[in-house]
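# Descriptive structure summary
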Amino acid sequence: MINQGCNFQDFRFKFLNLPDKLFSECNKPNIVMQLREELPPQSKPTEQTCEALSRDFEIFAAWVRCFEHFVFDKTCKQHKNPNKVSDHTPSKTNDDEITDMDVTLECYESLDKETFKYVVDELRPHIGKSDNNNGPTFSAEWRVAMTLYRLSTGMPFNKTANQFGCAKSTACTVYHEVCEAIEAVLMPKFINFPTGQQLKKNMEKFKIKGGFPQVVGAIDGTHIAIIAPRDQSQDYFNRKEYFSIVLQGVVDADGMFINTFCDMPGSVNDARVFNISNFGERLKDKSIFEPYIVETVNNVQVPPLILGDGAYPLLQNLMRPFPNRPNRQREHARFNYKLSQCRVIVEHAFGRLKGRWRILLKRNEHEIQKLRPVIQACCTLHNICASNGVPYQPHWTDDEVRASLGNHHNRMNPITEGPRAEQIRSAIIQELMKET
C-alpha cells in the first residue's frame with residue numbers, strides 16, 4: 001500500500017478532474033510529478049510516493065478511476081459533499097450523466113486489489129495491447145477495468161465508453177474480448193464439478209446445513225432478460241412475459257457454481273433445459289460423480305444427489321419436493337423443509353450473482369451468440385470473488401434483484417424414474433423423521 005502518511009484527497013481530486021489527461025498520457029509517468037507541483041504544500045505526497053505511482057502507473061491509472069480504495073483512504077468517498085451522511089449507492093438504472101465518483105462507488109467493492117491483479121495477470125496474454133497508430137493503446141488493466149465496470153453497473157456502451165475515454169465501438173470490442181477470455185481462460189479453473197475429497201467434503205457440508213444425506217449440489221434456473229432478437233423472437237418470450245434466455249446453475253454447499261449452462265431460449269422450461277444440457281445427460285448416466293459414493297440409509301443404497309425444485313423430474317440422483325397440498329402428510333412436509341434448507345443456497349447464489357454483476361438485470365442488447373460469454377464470465381467472477389473472500393454487500397440485493405428471482409411456479413413435474421427413485425426418497429424420509 002502506498003505511503004499511509006500522505007493526504008491524498010486533493011491529489012485524488014486532481015486525477016479525477018483530469019480524465020482525458022489521465023488516459024491520453026497514461027504512459028508518461030512524469031504526469032505524477034507534474035500534478036504534485038500543482039498541489040498546495042500541505043497536500044503534497046512525498047517524492048517516494050510519486051515514484052511508487054510512476055513505476056506502476058498503468059495499474060494506478062485503472063485503479064484511480066474504478067477502484068478508489070486500492071490507493072486512497074475510503075473515508076474520502078463523498079467528495080462532492082463531505083458533510084453529507086448517507087449510505088446511498090448511485091442507481092444502476094439512472095439515465096443521468098454519470099460522474100467519476102459514480103464509477104468509484106459502483107465498482108470499488110466488486111473486486112479487491114489482489115483479485116483484480118490476479119484477473120489481469122491471468123488474462124494479459126489473451127487481451128494484450130494491440131498497436132494502433134490511429135489511436136491510443138489500452139493496457140490489460142484498462143481493458144479489465146472497463147469490462148468490470150460495465151458488468152457491475154449494467155451501464156450502456158455509450159456511457160461506458162465516455163467514462164473511459166474511448167469510442168463506443170472500442171468499448172464494445174474490448175468488452176466482448178475480455179468476457180470471452182474470462183470464459184476461455186478462467187472458467188475452466190473456477191467452475192468445476194467437485195471430485196475426490198472435494199466431493200466428500202461437499203456432502204458433509206450439506207448434511208451439516210440441512211441434515212440431508214448424500215447431497216453434492218443444488219440446481220435451479222433463472223432468466224436473463226434480453227431485447228427481442230430479430231429471428232424466432234417468440235422462442236425467447238418466457239411465461240413472465242418478457243424476452244430472455246435461461247441460465248441453469250448448479251452450486252455447491254458454499255454457493256459457488258460447479259456447473260452452468262445458458263444456451264436455451266426463455267420459453268423453454270427448467271426440466272427441458274435440464275434434459276438438453278450436458279449436465280443432465282451426465283447425471284442420468286451417473287458419469288458426473290467421481291467417485292460414485294454410495295451410503296446405506298435405512299437398508300437402501302443412496303447414491304450422490306442433486307436437489308431441485310418441483311420443476312425437475314424425480315431421478316435416482318435428483319431429488320425434488322412433494323407437491324404443496326393442504327392435506328399433505330407430516331413426513332412429506334418434513335422432507336420438503338429439509339430439502340429446501342439445502343436447495344435455497346442456489347437461489348442465494350443467483351441473488352449474489354445478479355446483485356454484484358448487474359449487467360444480468362438489464363435487457364441485454366448483445367447478439368444472442370455473444371451473450372453466453374458475458375453470462376459465463378459473470379458466473380466465473382462470482383466464484384473468483386467467493387474463493388478470494390471478497391465480501392458481498394447486503395444492499396446489493398435490492399428490489400430489482402429480488403424481482404428477477406421470482407422464478408417459481410406451482411406446476412410439478414410428473415416424471416419419476418421408476419420405483420428405485422421413490423425407494424431412495426422414502427429411505428431419506430425415514431432418516432429425516434428420526435430427528436423429530
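Scroll up a little and you will see the structure.
First, a word on scope: everything that follows refers to the structure included in this document. (Residues numbered from 1 in each chain as written. Predicted model: local features only at pLDDT ≥ 70, side-chain atom pairs only at ≥ 80, totals over all residues. Heavy atoms only, no water.)

## Digging into the overall build of the protein
Let me state the cut-off plainly: Elements are defined by DSSP. Helices are runs of H or I of four residues or more, strands are runs of E of two residues or more, and each kind is numbered from the N terminus. Relative accessibility thresholds used throughout: buried, under 20% of the residue-type maximum; exposed, over 50%; partly exposed, between the two (1.4 Å probe, protein chains only). Residues count as neighbours in contact if any of their non-hydrogen atoms are within 4.5 Å of one another. In this description, accessible areas are obtained by the Shrake-Rupley approach with a 1.4 Å probe, and a residue is regarded as covered only by the protein chains that are shown.
Of the regular secondary structure elements, the protein holds 17 helices and 7 strands. The proportion of buried residues among the 436 residues of the protein is 54%. Relative to all contacts within the protein whose residues are 6 or more apart in sequence, the contacts with residues 24 or more apart total 71%. Entry remark: accessible area of the protein is about 19,900 Å², with carbon and sulfur atoms responsible for 47%.

## Re the nonpolar core
In globular proteins that are soluble, nonpolar side chains generally tend to be buried together. Here is the rule: To define a nonpolar core, start from buried Ala, Val, Leu, Ile, Met, Phe, Trp, Tyr and Cys residues and group those joined through side-chain atoms within 4.5 Å.
In terms of nonpolar packing, the biggest core is built from 82 residues, with L123, F212 and M319 touching the most fellow members. Looking at this core element by element, the count peaks at 11 residues for helix α10 (residues 168-190). When residues no more than four places from it in sequence are discounted, the contact partners of M319 are F212, L305, I306, L307, G308, L314, F335, L339, A421, I424, R425 and I428.

## Some details on the packing of helix α11 (residues 196-210) against helix α14 (residues 330-356)
As a reminder, the rule being used: What counts as an axis is a line fitted to C-alpha atoms, over the stretch in contact for a helix, and the angles between N-to-C directions run from 0 to 180 degrees. Should an angle fall under 35 degrees it is taken as roughly parallel, and over 145 as roughly antiparallel, whereas 65 to 115 is taken as roughly perpendicular and any remaining angle as oblique. Crossings are classed by handedness, with left-handed meaning an anticlockwise turn of the near helix from the far one by less than a right angle and right-handed meaning a clockwise turn. Just so you know the grouping, Ala, Val, Leu, Ile, Met, Phe, Trp, Tyr, Cys and Pro go in nonpolar, Asp, Glu, Lys and Arg go in charged, and all remaining residues, Gly too, go in polar.
Orientation of α11 relative to α14, taken along the N-to-C sense of each, is 125°, at an axis distance of 8 Å. The orientation of α11 with respect to α14, classified from their angle, is oblique. At the point where α11 passes α14, the crossing takes the right-handed sense. Counting all contacts with α11, which are made through F206, K209 and G210, the residues of α14 involved are K338, Q341, C342 and I345. Among the residues making up the contact of α11 with α14, the classes are represented as 3 nonpolar, 2 polar and 2 charged.

## So, the pairing of strand β2 (residues 244-251)
The condition is simple: Any two strands with at least two DSSP-identified bridges between them are counted as paired.
Most of β2 is tucked away, with 8 of its 8 residues classed as buried. With burial as the criterion, each face of β2 is covered, one bearing S244, V246, Q248 and V250 and the other bearing I245, L247, G249 and V251. Taken together, the 8 bridges between strand β1 (residues 215-225) and β2 define a ladder with antiparallel strand orientation. Note that in β2 the partner of A225 across the bridge is S244. The sheet contact formed by β2 and strand β3 (residues 257-265) spans 6 bridges and is antiparallel. In the sheet register, G249 faces β3, and the bridge partner there is T260. Here β2 hands over to β3 after 5 residues, with G255 in that stretch at a positive phi of 80°.

## So, the side chain of R150
Mapped onto the elements of the fold, R150 is located in helix α8 (residues 140-153). By relative accessible area, which is 0% here, R150 ends up buried. In contact with R150, other than residues within four places in its own chain, are M155, P156, F157, T160, Y175, I359, E365 and H366.

## Considerations on α8
Note the following rule: A helix's residues, less one, multiplied by 1.5 Å, set its expected span.
Here α8 is 14 residues long and its end C-alpha atoms lie 20 Å apart, about the 20 Å a rise of 1.5 Å per residue gives. Positive backbone phi, at 75°, marks G154, one or two positions downstream of α8.

## Considering unusual backbone geometry
With an omega of 0°, the peptide bond running from E290 to P291 counts as cis. Note on placement: P291 falls in the loop between α13 (278-284) and β4 (295-297). You will see that Q214, though not glycine, has its phi angle at about 70°, which is positive. Residue position: Q214 is located in the loop between α11 and β1. Since its relative accessible area comes to 4%, Q214 is described here as buried.

## Comments concerning the sheet that holds strand β7 (residues 318-319)
A sheet is described by the order of its strands in space; here 5 strands give the open sequence β3-β2-β1-β6-β7, paired in mixed fashion. Two strands close off the open sheet at either side, each with one partner strand: β3 and β7. Strand contacts of α14: β1, β2, β3, β6 (305-307) and β7, with the helix running at about 45° to β1, the strand carrying the most contacts. This element, helix α15 (residues 368-387), spans β1, β2 and β3 of the sheet and lies at about 160° to β3.

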